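Below are the chains, spelled out letter by letter.
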Amino acid sequence: MTRRFDRSWIHAWLMLGPSLALLALFTHWPAVATIIDSFYSTPRPRRPSRMVGFENFEQMTADPVFWQAVWNNLWFALGTIPVSIALALLMAIWVNDRIAGRTLVRMAYFTPTVLPMIAVANIWLFFYTPQYGLLAQVLGVFGVQSPNWLGSKDTALAAVTLVAVWKEAGFFMIFYLAALQTISPTLAEAAALEGASRWTYFRRVQFPLLMPTTLFVLVNAVIGAFRTIDHIVVLTKGGPDNATLLLLYYIYQVGFSFWDTGYAAALTVVLLATLGLIAIIQYGVLERRIHYR
Amino acid sequence: MSDVYAPRGTARVIETAGAWLLAVLWIAPLVYATWTAFHPSEFATRFSLFAPLTLDNFARAWEAAPFARYFLNTFVLVTGILVAQIVLCTLAAYAFARYEFPGATLAFAVVLAQLMIMPDVLIVENYKTMGRLGILDTIPAIGLPYVASAFGIFLLRQTFKTVPKELDDAAKVEGASPLQVLWRVYVPLGRPVYVAYALVSVSYHWNNFLWPLIVTNSVESRPLTVGLQVFSSTDQGIDWSIICAATLMTSAPLLLGFLLFQRQFVQSFMRAGIR
């Protein structure tokens, strides 16, 4: 391009300046610094930080806790993503129909989104409490002995996954609801004229038209699965025996409880790479279909 | 929506029942918290229709922790972030929407990177930065990483792009400077989007927890979420009634706002998400 210098270029850059500076300071530079730091040892009072090459990463591959966090996070993602998306779709279809008390139902679904996770996690903590917690009491009515949901290695991850699903489904519902309302009613009438059943209409018309929304929600759900840890802090602190340790919580632990910043940086690189991969998928495949239609 | 496929007869009953069942499950934690907060502690784990009502739990919670201070901190934090975000995002969005300048595509890609790499992930480095700036344990330290918002810039850019260029030219002919055009033409036309963005931003930062937890350690800077956590975990022998009262207090402003503006809230989330 050989465009002549234009004064408006300066205006544009002046307007962008503050945002770009802050983004650079709190997003881009920290991301680069994390990568650099991951090749250095953690500075200690008597031992300044030094270049250690891939030592942090070697430590990571040999760290059973890291692998447990990776596996936990994968199971957490596999548990939350499909269930919350399916529930969101179901909720949206329900509250899009004219059922009795639709406004109330819609509000109920959406409430968890507004409530601070940290606050409702306290309530869930009570639900899961053995002996006198709500779940234990409900099960007690049926004469079933309630397990220690958060205290047992077998159930803890499922228990925190359930809280995440509860928190996210209503949020995703909004996007589905919005998309459902943009579908022209003439399509339903045409399908009915053809004698299509409701299930066929959903499968052949509604669901395909909701695909862009599903992709958008999916990307959000995947990112969310690697970023939400508020309820872990309240409910389990990663325990019992690291059964609910997720990647971001492990980074938090390593960085701020053990003050091992070099290792925390290496762990963050893994998380950044994961999010970067999701970004590539989004911008490469989904961008045109969602944002710029 | 057309009613051609609206459920009828038995299907309708089943669908309504299912929707209600799920709604009850979804609202249960809030219902429980409300029940417990308004009844004496001995009824926290025992449900009786005839339990007496009380406001005592709220009074005790209010006294047990400096919630007034936490409310003030959260309020300052949320409004500060919102005002700064709106100013910065408006300027940046206008530059992207209406200027052709070298490097625009690259700059836009650089901005969008933040949609994926949220500051929440970079806690260790951002903590170091705040240390170097000497502002650890202050309210600005909680807000600064979020002030330049890729989401806001993107949202407003899309909105500004829909403004007819003729309006722009007309204002320029009248002798208005670019900033005057932005202020008089674009900002008023973008109002619904500003409302949507404000709702999303306020609820996000009201609820944000991990970063404030890391960067604050004193009453003077802690927002509500961190204050609530400190409060409910230091308590010897968990008193569910007080925790529920504190939980309700903490979420009350957002919850009330949501109940009052339910329609706008939902619609603005739609608008914000779908564009």
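What you are looking at is a predicted structure, and each value in this text was computed from that prediction instead of being measured.

Draft legend 1. Geometry of the packing of aromatic side chains. Across all of its chains, the model carries 36 aromatic pairs over all chains by this definition. Here the aromatic rings of Phe39(A) and Phe54(A) are separated by 5.2 Å at their centres, their planes lie at 85°, and the arrangement is edge-to-face. Of this pair, Phe39(A) sits in the loop between α1 (7-37) and α2 (55-61) while Phe54(A) sits in the loop between α1 and α2, and the two are 15 residues apart along the sequence. Classification of Phe54(A) by relative accessible area gives exposed; the value is 53%. Clustering of aromatic rings is evident, with ring pairs tying together Trp124(A), Phe126(A), Phe127(A), Tyr128(A), Trp166(A), Tyr32(B) and Trp240(B). Its guanidinium or amino end placed over the ring of Phe108(B), Arg157(B) lies 4.1 Å from that ring's centre, counting from NZ or CZ.

Draft legend 2. Spotlight on the interface of chain A and chain B. Chain A puts 105 residues into the contact, and the matching count from chain B is 96 residues. Note on chain A versus chain B: buried area summed over both sides is about 9,100 Å², and carbon and sulfur give 74% of it. The largest share of the area that chain A buries against chain B comes from Met15(A), Phe26(A) and Val114(A), three residues that together contribute 8% of it. Taken together, chain A and chain B are joined by two salt bridges. Measuring nitrogen to oxygen at the nearest pair gives 3.4 Å for the salt bridge that ties Glu15(B) to Arg198(A). Here chain A is connected to chain B by 10 residue pairs in polar contact (both at pLDDT 80 or more). Per element, the largest residue contribution to the side of chain A that touches chain B is 21 residues, and it comes from α1(A). For the side of chain A that touches chain B, the per-class residue count stands at 72 nonpolar, 22 polar and 11 charged.

Draft legend 3. The UniProt feature "transmembrane region" (unreviewed entry) in chain A, seen in detail. Under the feature "transmembrane region" (unreviewed entry), the UniProt entry names residues 74-95, 107-126, 157-179, 209-229 and 265-286 of chain A. Helix makes up 100% of residues 157-179 of chain A and strand 0%, and the two end C-alpha atoms of the span are 32 Å apart.

Draft legend 4. A look at the environment of Gln114(B). Positionally, Gln114(B) belongs in helix α4 (residues 104-116). Separated by 37 residues in the primary sequence, Gln114(B) and Phe151(B) place their C-alpha atoms 8.2 Å from one another. Setting aside its immediate chain neighbours within four residues, Gln114(B) contacts Leu23(A), Thr27(A), Pro119(B), Pro145(B), Ala148(B), Ser149(B) and Ala150(B). Reaching out from Gln114(B), the side chain makes a polar contact with the backbone oxygen of Ala148(B) at a distance of 3.1 Å.

What counts as what
Residues numbered from 1 in each chain as written. Chains lettered and ligands numbered in written order. Predicted model: local features only at pLDDT ≥ 70, side-chain atom pairs only at ≥ 80, totals over all residues. Heavy atoms only, no water. Phe/Tyr/Trp six-rings, centres within 6.5 Å; stacked < 30°, edge-to-face > 60°. Helix = DSSP H or I, 4+ residues; strand = E, 2+ residues; numbered from the N terminus. Buried < 20%, exposed > 50% of the residue type's maximum accessible area, 1.4 Å probe, protein only. Lys NZ or Arg CZ within 6 Å of the ring centre and 35° of its normal. Contact = heavy atoms within 4.5 Å. Buried area = accessible area lost by both parts, 1.4 Å probe. Salt bridge = Lys/Arg side-chain N within 4 Å of Asp/Glu carboxyl O. Polar contact = N/O pair within 3.5 Å; in protein donor to acceptor, adjacent residues only side chain to side chain. Nonpolar A, V, L, I, M, F, W, Y, C, P; charged D, E, K, R; others polar. UniProt positions renumbered as here; feature names shortened; annotations may be inferred.

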